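# An overview of the molecular structure
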Amino acid sequence: MNFFSHLECGYCSKIYDKNKIWNLCPDCGKPLLARYDIESARKNFNREVLKEREKTLWRYFEMLPVRIEYKLSLGEGFTPLLKAEKLGSEVEIENLFIKDEGLNPTTSFKARGLCLAISKAFEFGIKEVSIPSAGNAAGAMSAYAALAGIKSFVFMPKDVPEPFVAECKALGADVALVDGLITNCGKLVAEGVKKYGWFDVSTLKEPYRIEGKKTMGYEIAEQLNWNLPDVIIYPTGGGTGLVGMWKAFDEMEKLGWINSKRPRMVSVQADGCAPMVKAFNEGMEFAEMWTGAKTTADGLRVPAAIGDFLILRAIRESNGIAISVSDEDLIEGAKQIGKTTGIFAAPEGGATLAALKKLKANNWIKADETVVLFNTGSGHKYMHLYK
Ligand SMILES: *Cc1c(COP(=O)(O)O)cnc(C)c1O
């Protein structure tokens, strides 16, 4: 049994019935978040039981919103948190770790979110789902939909690298390549939702993907023996992972699993698309749409995020920071990770190392602090960048 109790708007705090299908808050149009009966969970979900659990994100099913009979699994989550000794000495950080999300099904951490969203769609009996994507989310959705026997409609910018298209097609999705950015793709999904009744699984436009992503927070805590690191560096597009981990820390404290110490959350974007960095620096609650978004790190090419206020809130509450790095530096970062750790990183993963170097150089991060970098995907789908 899980302890999922209701949905709550992340902005206006209105409460919604968990047994109905929702997208955004019908009242204010902002993202809905899953809430749990933490009092009961605290009494009945002891972290000691985890030792015997399967090594997937479903090990935390009590704090996930899907009835376990509807669980779809391809082995997602519980990725290794690797100590990067050699890289740590190169950048002068004693305790440097990399959470290698490239080992997830479909080779990115998008598998976590889409695993939960499609499992929930399966529980609700939904037959058709659709997504706008820079590539990885589409592949992940296609995989879980294939497993569930649900039809997928995928919209990607037409300059998406070929492996993403091939993956979606091989997984049985209907693929449309769109002239424009992910925001243009989002408009076409919205039209299909109106016309054909597809379920929209866009980032934070349904409440369940973030629940899959939050398990990264549970895992880091468990893998560091219930002590959180000092700093987490996360490449941010739509921001579900960052917001999700921040939510997980709060839940774990209420469960009595961790204390009140929190990592400083670093949101990394690309110089050519940095709406969160701009909003953070200007002290804004919401981010303006970034015009002319351009970066080779496709997962970071998100000019507007519906969860912007949640991302900015988490960064500020954590005493964190938002910074951007150049495309050149993020690719260099991925190569340095490769040479020193054996991890073939996605460019977005490389961005976290580029950010670490900048923050170490200006003394925002100290040599004796424990730092976790997120390699959010494998380099395998970005061959064109590593020639
Ligand atoms: C989607 C994606 C990101 C951005 O993740 P968000 O949770 O949307 O901020 C980063 N890296 C990779 C490889 C991605 O696919």
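This is a predicted model, so every value here is computed, not measured.

## A word on the layout of surface pockets
Taken as a whole, the largest pocket holds about 640 Å³ of empty space. Broken down by secondary-structure element, the contributors of at least two residues to the lining of the largest pocket are helix H4 (136-148), helix H6 (182-196), helix H7 (209-213) and strand E10 (231-235). If you tally residues by element for the lining of the largest pocket, the top one is H6, at four residues. Here the lining of the largest pocket gathers at least three residues from each of two domains, domain 2 (81-108 + 209-385) and domain 3 (110-200). Of the voids in this model, the second largest pocket is the one considered here, and its volume is about 450 Å³. Forming the boundary of the second largest pocket are 20 residues, of which Leu 33, Arg 35, Trp 246, Lys 247 and Asp 250 lie nearest the centre. Elements supplying a minimum of two residues to the lining of the second largest pocket: strand E1 (4-9), strand E3 (32-36), helix H9 (240-254) and helix H11 (308-317).

## What to know about the sheet that holds strand E9 (residues 199-200)
Taking strand neighbours across the sheet as the criterion, the four strands line up as E8-E7-E6-E9 in an open arrangement whose pairing is parallel. Edge positions in the open sheet fall to strand E8 (174-178) and E9, since each of these has one partner strand only. Two strands pair when backbone bridges link them, and strand E7 (residues 151-157) and E8 are joined in this way by five bridges, in the parallel orientation. Its bridge partner lying in E8, Met 156 is registered against Leu 177. Sheet strands touched by H4: strand E6 (128-132) and E7. Its angle to E7, the strand with the most contacts, is close to 170°.

## Focus on the nonpolar core
If you look at the biggest cluster of nonpolar residues, it comprises 128 residues, and the most contacted ones within it are Ile 118, Ile 233 and Leu 356. The biggest single contributor to this core is H4, with eight residues. Excluding residues that lie within four positions of it along the chain, Leu 356 makes contacts with Val 91, Ile 93, Leu 96, Ile 233, Ile 365, Val 371 and Leu 373. The next biggest cluster of nonpolar side chains, apart from the first, holds six residues, and it includes Phe 153, Val 178, Cys 185 and Val 189.

## Details of the pairing of E1
On a regular strand, one side chain projects to one face of the sheet and the next to the other, so that they alternate. One ladder, built from five bridges, connects E1 with E3; its direction is antiparallel. Bridge pairing links His 6 to Arg 35 in E3. Taken together, the two bridges between E1 and strand E2 (residues 15-16) define a ladder with antiparallel strand orientation. The residue bridging Leu 7 from the neighbouring strand is Tyr 16, located in E2. In this antiparallel pair of consecutive strands, E1 and E2, the connection spans five residues, and Ser 13 shows a positive phi of 65°.

## A short note on the domain arrangement of the protein
We note that the domain assignment places domain 1 (4-54), domain 2 (81-108 + 209-385) and domain 3 (110-200) within the protein. Spacing between the C-alpha centres of domain 1 and domain 3 amounts to 24 Å. Summing the contributions of domain 1 and of domain 3, the shared interface buries around 400 Å²; its carbon and sulfur component is 67%. Considering only the surface of domain 1 that becomes buried against domain 3, Phe 4, Ile 21 and Asn 23 emerge as the three largest contributors, covering 78% of it. Along the contact surface separating domain 1 from domain 3 lie zero salt bridges. Applying the counting rule to domain 1 against domain 3 returns one residue pair in polar contact (both at pLDDT 80 or more).

Cut-offs applied
- Residues numbered from 1 in each chain as written.
- Predicted model: local features only at pLDDT ≥ 70, side-chain atom pairs only at ≥ 80, totals over all residues.
- Heavy atoms only, no water.
- 1 Å grid on protein atoms, 1.4 Å probe; cavity = no way out; pocket = protein on both sides within 12 Å on 5 of 7 lines; lining within 4 Å.
- Points joined across faces, edges and corners; volume = space filled by probe spheres on them.
- Helix = DSSP H or I, 4+ residues; strand = E, 2+ residues; numbered from the N terminus.
- Domains from an automatic or database assignment.
- Pairing = 2+ DSSP bridges.
- Contact = heavy atoms within 4.5 Å.
- Axes fitted to C-alpha atoms, helices over the stretch in contact; angles between N-to-C directions.
- Core = buried A, V, L, I, M, F, W, Y, C linked by side-chain atoms within 4.5 Å.
- Buried < 20%, exposed > 50% of the residue type's maximum accessible area, 1.4 Å probe, protein only.
- Buried area = accessible area lost by both parts, 1.4 Å probe.
- Salt bridge = Lys/Arg side-chain N within 4 Å of Asp/Glu carboxyl O.
- Polar contact = N/O pair within 3.5 Å; in protein donor to acceptor, adjacent residues only side chain to side chain.

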